[in-house]
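# Structural characterization, general
Chain by chain, the residues:
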Number of protein chains: 2
Amino acid sequence: MALKTVLATLHFAMDRLEHLLSVARGDTPADLLLRGGRVVNVFTGEVEAPLNGSTDIAIADGIIVGIGSGYTAYGEIDLDGAFIAPGYIDAHVHIESSLCVPAQFARAILPRGVTAVVTDPHELANVAGIKGVEYIAQSGASLPLEVIVMAPSCVPATHMASSGAALDAQQIFDLRARGIVHGLAEVMNFPGVVNGSPDMISKLAVMRGTPIDGHCPGLRGRPLNAYALSGIGSDHESVSLEEAREKLARGLYLLIREATNARNLDALLPLVTSSNARRICFCTDDRTPGDLLREGSIDMMVRRAIAFGIEPVEAIRMATLNTAEWFGLPHLGAIAPGRSASLVVFDDLQNPQPKSVYAKGELIARDGALLPDIELEQADFEPGSLGTCDVDWERFNLKVTADGSTLRVIESRADQLLTRSLLLKPKVVLDHVVADIERDILKMTVVERHRGSGKQGVGFIRGFGLKRGAIAGTIAHDHHNLVIIGADDASMIAAGREVCRMGGGLAVADGQNILTRLALPVGGLMSDRPIEEIAMRYDQLIAAAKMLGSTLADPFMAMSFMALEVIPSLKLTDLGLVDVEKFEVVGLFE
Amino acid sequence: MALKTVLATLHFAMDRLEHLLSVARGDTPADLLLRGGRVVNVFTGEVEAPLNGSTDIAIADGIIVGIGSGYTAYGEIDLDGAFIAPGYIDAHVHIESSLCVPAQFARAILPRGVTAVVTDPHELANVAGIKGVEYIAQSGASLPLEVIVMAPSCVPATHMASSGAALDAQQIFDLRARGIVHGLAEVMNFPGVVNGSPDMISKLAVMRGTPIDGHCPGLRGRPLNAYALSGIGSDHESVSLEEAREKLARGLYLLIREATNARNLDALLPLVTSSNARRICFCTDDRTPGDLLREGSIDMMVRRAIAFGIEPVEAIRMATLNTAEWFGLPHLGAIAPGRSASLVVFDDLQNPQPKSVYAKGELIARDGALLPDIELEQADFEPGSLGTCDVDWERFNLKVTADGSTLRVIESRADQLLTRSLLLKPKVVLDHVVADIERDILKMTVVERHRGSGKQGVGFIRGFGLKRGAIAGTIAHDHHNLVIIGADDASMIAAGREVCRMGGGLAVADGQNILTRLALPVGGLMSDRPIEEIAMRYDQLIAAAKMLGSTLADPFMAMSFMALEVIPSLKLTDLGLVDVEKFEVVGLFE
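Quick summary incoming for the structure in this document. (Residues numbered from 1 in each chain as written. Chains lettered and ligands numbered in written order. Predicted model: local features only at pLDDT ≥ 70, side-chain atom pairs only at ≥ 80, totals over all residues. Heavy atoms only, no water.)

### A look at the environment of B:Cys283
Residue and element names in this part refer to chain B. Rule in force here: Segments assigned H or I by DSSP are reported as helices when at least four residues long, segments assigned E as strands when at least two residues long, and all are numbered from the N terminus. Here the term buried applies to any residue with accessible area under 20% of the maximum for its type, exposed to any over 50%, and partly exposed to those in between, with areas from a 1.4 Å probe on protein chains only.
Residue placement: Cys-283 occurs in strand β15 (residues 280-283). On the basis of relative accessible area, Cys-283 is assigned to the buried category, the value being 0%. Distance in space between the C-alpha atoms of Cys-283 and Ile-89 is 8.1 Å, their sequence separation being 194 residues.

Structural data, given as structure tokens:
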């Protein structure tokens, strides 16, 4: 490439640099000057106070251009001795788990000082492939939230289910070449990596030189060495101190996770020392809209780390600089010239409750709420453009002929993704196996919904507790087919039809009556309604399921993992029952 | 680019990865197993001891593939409880300052545990341009020493001297595109950066996304903000605690330097805390062969840091992981799977004297010396291919007509690169200005030596103390023209001619007698003779100069900076006297 071409592509940025340099020198007024704050300096580990010299922060074009004295600006804000820290970065999050489009997700976390997320659009990619990744990237580009998109590495999870799309190494490479993705997202197929599977090696190869994020629950010893050797640089699946300590020692960044359904913060905080903290970051992975609104995000993790006894600047570093360093994001994670002016202001260093938040140079939130005049743009979507709920109801069939005397039944266990495989005597009515409320054996079906192929698996499950009715949804990791669990066929059909009528979503039916519903038209996974509304509707769904007898804290989240054929022991996909240990589809009867 | 093309370019590496994974899993024997060492773990900040589990280090293809138990290997070494740390990295060094070609430089530092250097081939680039950079890169490629080459950013320094070559943004971009350089070397033209000069902005632009190393002596406040804003990420020129503290706070990595002629370690060590150490590295910048052999390199800095009171693992991190992180070198700086098996072994953590050293998986040194069977390959050079000493002796002229009564004289000051500009009455003989031994006013000349253009500056200098004879050399920062300082013209001509006869180098003459000499045929800067010989000859040169009356500790190093037209106040180049404050060539007489 000729120099002219290079410089031409950088032309805008270079013009901008000339202006920014002029502001930094003090020759041109800044856009905004934040005066008199106590600056949390994540490089020195200290707080720079106005007493020791000026700590004015000069901002232009959304970028911090200088810290110190002698600046003028078109606008000034007096921080009056409040603390000011870099905006927090979520090191690993699936936005889809908020059930909201990125703009609504941003509404929940920006007022909490989380101004950047490293996201894996893995769910939407399983539904809509490249289009799903592009949608998240486009949505992020217009937000004050910095959205760093990673390329989903394991789409589909296996071939024992029909996903909506696949991403191979060529497509991942194209995403990289087009500048859409920053690195490779959690490499969940750790056996594939350890054993050098060509598919995984190709994906690692095409993303070489970028940050490659890991996911290796329980991996220790020699297999862990192999995993780290491959160039994967982090993991967020540690649940015990010993596991976390070993991963850290082998060079993996430790991303401590506090998800809705996997809470590791309390278990792992005791590991943190002033000597190893630099290699430790915070992430949320998957949080429901209600948890985001009520408990928070990375801000909550920072507060809990400080309450646990970690030095406050250290805790803030784990939410900022460390993450920026691991992912190679030199424009984020610190209050310094050249970094994004995304900042969080608070009064109490021991309990940082965001008082005001700046994103890309603009004051956007105060006291936990976005300012009224802040409008978050959201990239449009055409209904159906990111996946459909296209079920062939003519072929839909819940009848199970009693072909044996020992039925394989999935046993769901409270708060666990792992299931047990039970062998039970079926309840038979007129030569057909039916649900057995007495023994809490419900019927479950998974129906391919991306192409209307009519593929459908039917099985039985224990542990959901429904006494009547059915629940249905298009969130079913990772393929996100239509999944329905119910006490009777009529309710199941009604719930399933309602979900498809909405273009994807969640529903609860009791016979022909739809008790409550939540439309998720974006890929069958997300809504563009306000996140507060989504959180409320989601609560109503759970309440309705409980009314029908559900004994689980969140039967919809539990259901979404009952079709995930990579977590043992027995799962159901549209291709049938999967024995995960054998890694094969098995029959309903032993 | 198609996936096939990408994978084809990675084919070798991927084949290798399959094998390495197999070794990491324990399925295939390693090449070498280092058993029973106490592993300095720079991630956790702790020492992993065999007592707490196996710390065997398995190595294959020069790479660490695993740490732990269950490995077999074709060769084993019992470390018997000795400490083992990652090999040290010099964060910024000009190999040329050792006066040796890279293989000889490596002979001095490898036995000391310095197994990687980030080098700026700035001197050779000023002589030979791209060819000089290529020569250093080619030399490094065949060595057990890891040589990371940065693109010289400021060649030539100014247009007030004739350098042998120039490197513009296009050429720097080509070096990057060809994979020869890893980043942009010390950006010395800090006023250019701060003021947004198009030349500097272009160079920053074409190296964007790579590590860009800084050099900004004394820069503070708003100009420092501008410098940091531009994307430059480090500095090694701090001399005071306050300066270093400010640079660190503004986001620059602090490279603490202990050069032969600029020793900042004692002044800056008090800055280091457990909270800021992660952003601090060690570098040597410029060290003479004698200093390298007698005092050492980064190993000496680590020992002195520990002796000062810095926790040993922290001190080792500053010499390893920190540097690897700043420069984005994930294959260096730690004992972990996937990292280069370059390691240093020692018995005393409080005083790490290298006992054995491994480089790229091979035991190469023991007790401070390379093993007898280790041969370091050195890339060949054709005499003259990297610059000449091509002086037009027909036009060579030392006569200075007495055109005024107030002579501008350079005043050299002991151990300083800064000079003073004196105005003195000239000593005139037969209408010509001559040296005046009584007042220690010597004659100095700088002769363009790259193209035989005949360009020659003549001036006068005080502070060298020669009572007779002359010293001459082709080391003259940054243009490296022939520079001669002498008490009489005959000695000056003899010394200069001798240097050119050798194809570049250093010489001392007394009248027609050459007292001693050192040939530096590689670009007039370096020799391929053993470094011990170079150190000895260099000592002899200094001794000879002292015999002639020199009062300086190292008159050759002092002389090499008397022609550097960017350090105030008065300097001499082949274009004449330069008033550095005015940034222009001035006459000999006021």
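### Comments concerning the packing of helix α6 (residues 169-177) of chain A against helix α8 (residues 198-206) of chain A
Residue and element names in this part refer to chain A. Our working rule: Axis lines are fitted through C-alpha atoms, for helices just across the contact stretch, and the angle between N-to-C directions can take any value from 0 to 180 degrees. Note on terminology: angles under 35 degrees are roughly parallel, angles over 145 are roughly antiparallel, angles of 65 to 115 are roughly perpendicular, and the others are oblique. Take the far helix as the reference: if the near one is turned anticlockwise from it by less than a right angle, the crossing is left-handed, and if turned clockwise, right-handed. Throughout, a contact is declared for two residues whenever any of their heavy atoms are within 4.5 Å. As a working rule, the residues Ala, Val, Leu, Ile, Met, Phe, Trp, Tyr, Cys and Pro are called nonpolar, Asp, Glu, Lys and Arg charged, and the rest polar, with Gly in that last group.
The N-to-C vectors of α6 and α8 enclose an angle of 10°; their axes lie 9 Å apart at closest approach. Here α6 is positioned roughly parallel relative to α8, judged by the angle of their axes. In this structure, the crossing between α6 and α8 has a hand that is right-handed. Contacts between α6 and α8 involve Ala-169, Ile-172, Phe-173 and Arg-176 from the first element and Ser-202, Lys-203 and Val-206 from the second. Grouping the constituent residues of the contact of α6 with α8 by class yields 4 nonpolar, 1 polar and 2 charged.

### A look at the nonpolar core
Residue and element names in this part refer to chain A. Put simply, the test is: To form a nonpolar core, buried Ala, Val, Leu, Ile, Met, Phe, Trp, Tyr and Cys residues must be joined to one another through side-chain atoms within 4.5 Å.
One finds Tyr-135, Phe-282, Phe-464 and Phe-556 to be the most contacted residues of the largest nonpolar core, which totals 184 residues. Element by element, the count of residues in this core is highest for helix α17 (residues 531-547), at 7 residues. Here Phe-282 is in contact with Ile-89, Asp-90, Ala-91, Ile-256, Leu-265, Ile-298, Met-301, Val-302, Ala-305, Ala-315, Met-318 and Ala-319, once residues within four sequence places are set aside.

### Comments concerning the pattern of salt bridges
So the rule is basically this: Salt bridge, as used here: a side-chain nitrogen of Lys or Arg that lies within 4 Å of a carboxyl oxygen of Asp or Glu.
A full pass over the atoms with the stated rule returns 74 salt bridges over all chains. Close ionic contact of B:Arg35 with B:Glu76 constitutes a salt bridge, the shortest N to O distance being 2.7 Å. Taken together, the residues B:Arg35 in strand β1 (residues 30-35) and B:Glu76 in strand β6 (residues 73-78) connect sequence positions 41 residues apart. Judged by relative accessible area, B:Arg35 falls into the partly exposed class, the value being 28%. Here B:Glu498 ties to B:Arg517 by a salt bridge, and the two come within 2.5 Å at their closest N and O atoms. With B:Glu498 in helix α16 (residues 489-501) and B:Arg517 in strand β29 (residues 513-519), this residue pair connects regions lying 19 residues apart in the sequence. With a relative accessible area of 8%, B:Glu498 lands in the buried category. Here B:Arg517 falls in the partly exposed class, since its relative accessible area comes to 32%. Among the charged side chains, a salt-bridge network with shared partners connects A:Glu258, A:Arg263, A:Asp266, A:Arg287, A:Asp291, A:Glu295 and A:Arg304.

### A look at α6(A)
All names here are of chain A. For clarity, the cut-off: Picture the helix axis, draw a direction to every C-beta atom, and the arc is the one those directions span.
Within α6 the residues assigned to the buried category are Ala-169, Ile-172, Phe-173 and Leu-175. Projected down its long axis, α6 shows its buried positions confined to an angular sector of 155°, all on one face. Once α6 finishes, Gly-179 follows within two positions and takes phi at roughly 75°, a positive value.

### With respect to the sheet that holds strand β10 (residues 146-151) of chain A
Residues and elements named next belong to chain A. For clarity, the cut-off: Any two strands are treated as partners once DSSP identifies two or more bridges connecting them.
Sheet architecture is open: 5 strands sit in the order β8-β9-β10-β11-β12, paired in parallel fashion. The outermost strands of the open sheet, each flanked by one partner alone, are β8 (88-93) and β12 (212-214). Taken pair by pair, the neighbouring strands of this sheet meet at an average axis angle of 30°, ignoring direction. Where strand β9 (residues 114-119) and β10 come together, 4 bridges link them in parallel fashion. Looking at β10, one finds that Val-117 is bridged to Val-147.

### So, the relation of the copies chain A and chain B
Here is the rule: A residue counts toward the fit only if its pLDDT is at least 70 in both copies, and the copies are then superposed by least squares on the C-alpha atoms of those residues.
Superposing chain A onto chain B takes a rotation of 180° plus a shift of 0.0 Å along the axis, which leaves an RMSD of 0.1 Å. As the rotation angle and translation indicate, the two copies are arranged about a two-fold axis. Rotation axis and chain A: the residue whose C-alpha lies nearest the axis is A:Ser274, separated from it by 3.5 Å. Comparing interface residues between copies, 100% of those in chain A also lie at the interface in chain B; the contact surface is shared.

### Side note on the state of the cysteines
Linking two cysteines covalently through their sulfur atoms gives a disulfide. All names here are of chain B. Short version of the rule: Throughout, disulfides are identified as pairs of cysteine sulfur atoms within 2.5 Å of each other.
Considering all chains together, one arrives at 0 disulfides over all chains under this definition. Left unpaired, Cys-216 is separated from the closest cysteine sulfur, that of Cys-154, by 12 Å. Note on Cys-216: relative accessible area 0%, which makes it buried.

### Looking at the packing of aromatic side chains
Keep this limit in mind: Two rings belonging to Phe, Tyr or Trp (six-membered ring only in the last case) form a pair when the distance between their centres is within 6.5 Å. Interplanar angles under 30 degrees mark stacking, angles over 60 mark edge-to-face geometry, and anything in between is tilted. We count a charge as sitting over a ring when the NZ of a lysine or the CZ of an arginine lies within 6 Å of the ring centre and within 35 degrees of the ring normal.
Applying the stated criterion across every chain, the model contains 12 aromatic pairs over all chains. Here the aromatic rings of B:Phe83 and B:Phe346 are separated by 6.0 Å at their centres, their planes lie at 15°, and the arrangement is stacked. Placement of B:Phe83 in strand β7 (residues 83-86) and of B:Phe346 in strand β16 (residues 343-346) is noted, with a sequence separation of 263 residues between them. On the basis of relative accessibility, which here comes to 9%, the residue B:Phe83 falls in the buried class. Look at B:Phe346 and you get buried, because its relative accessible area is 0%. Within the aromatic cluster, the residues linked to one another by ring pairs are A:Tyr253, A:Trp326 and A:Phe327. Positioned above the aromatic ring of A:Phe83, the side-chain terminus of A:Arg38 is 4.1 Å from the ring centre.

### Re the side chain of B:Asp90
All names here are of chain B. Selection rule: The charge count includes Lys and Arg as positive and Asp and Glu as negative, but it does not include His or the ends of the chains. A 3.5 Å cut-off defines polar contacts: any pair of N or O atoms within that distance qualifies, except that in protein one atom must be a possible hydrogen donor and the other a possible acceptor, and neighbouring residues in sequence count only when both atoms are side-chain atoms.
One can find Asp-90 in strand β8 (residues 88-93). Buried and without a salt bridge, Asp-90 has Arg-287 as its closest oppositely charged side chain, separated by 7.6 Å. Reaching out from Asp-90, the side chain makes a polar contact with the side chain of Thr-284 at a distance of 2.5 Å. Once residues within four sequence positions are removed from consideration, Asp-90 is found in contact with Val-114, Ala-116, Val-117, Val-118, Phe-282, Cys-283, Thr-284, Ser-297 and Ile-298.

### Here's the deal with the interface of chain A and chain B
The accessible area lost on association of the parts is a frequent measure of interface size. Filter applied, for reference: Put simply, buried area is the surface a 1.4 Å probe can reach on two separate parts but cannot reach once they are joined, added for both.
Listed as interface residues are 64 residues of chain A and, on the opposing side, 64 residues of chain B. Between chain A and chain B the total buried area reaches about 5,500 Å² when both faces are included, carbon and sulfur atoms providing 58% of it. Per-residue buried area on chain A facing chain B is highest for A:Arg222, A:Leu229 and A:Arg278; these three make up 14% of the total on that side. Remark: the boundary between chain A and chain B carries 6 salt bridges. Its salt-bridge partner being B:Arg278, residue A:Glu325 comes within 3.2 Å of it at the nearest N-O pair. In this structure, the connection of chain A to chain B is made through 22 residue pairs in polar contact (both at pLDDT 80 or more). If you tally residues by element for the side of chain A that touches chain B, the top one is helix α2 (residues 11-25) of chain A, at 7 residues. Looking at the side of chain A that touches chain B residue by residue, the class counts come to 35 nonpolar, 19 polar and 10 charged.

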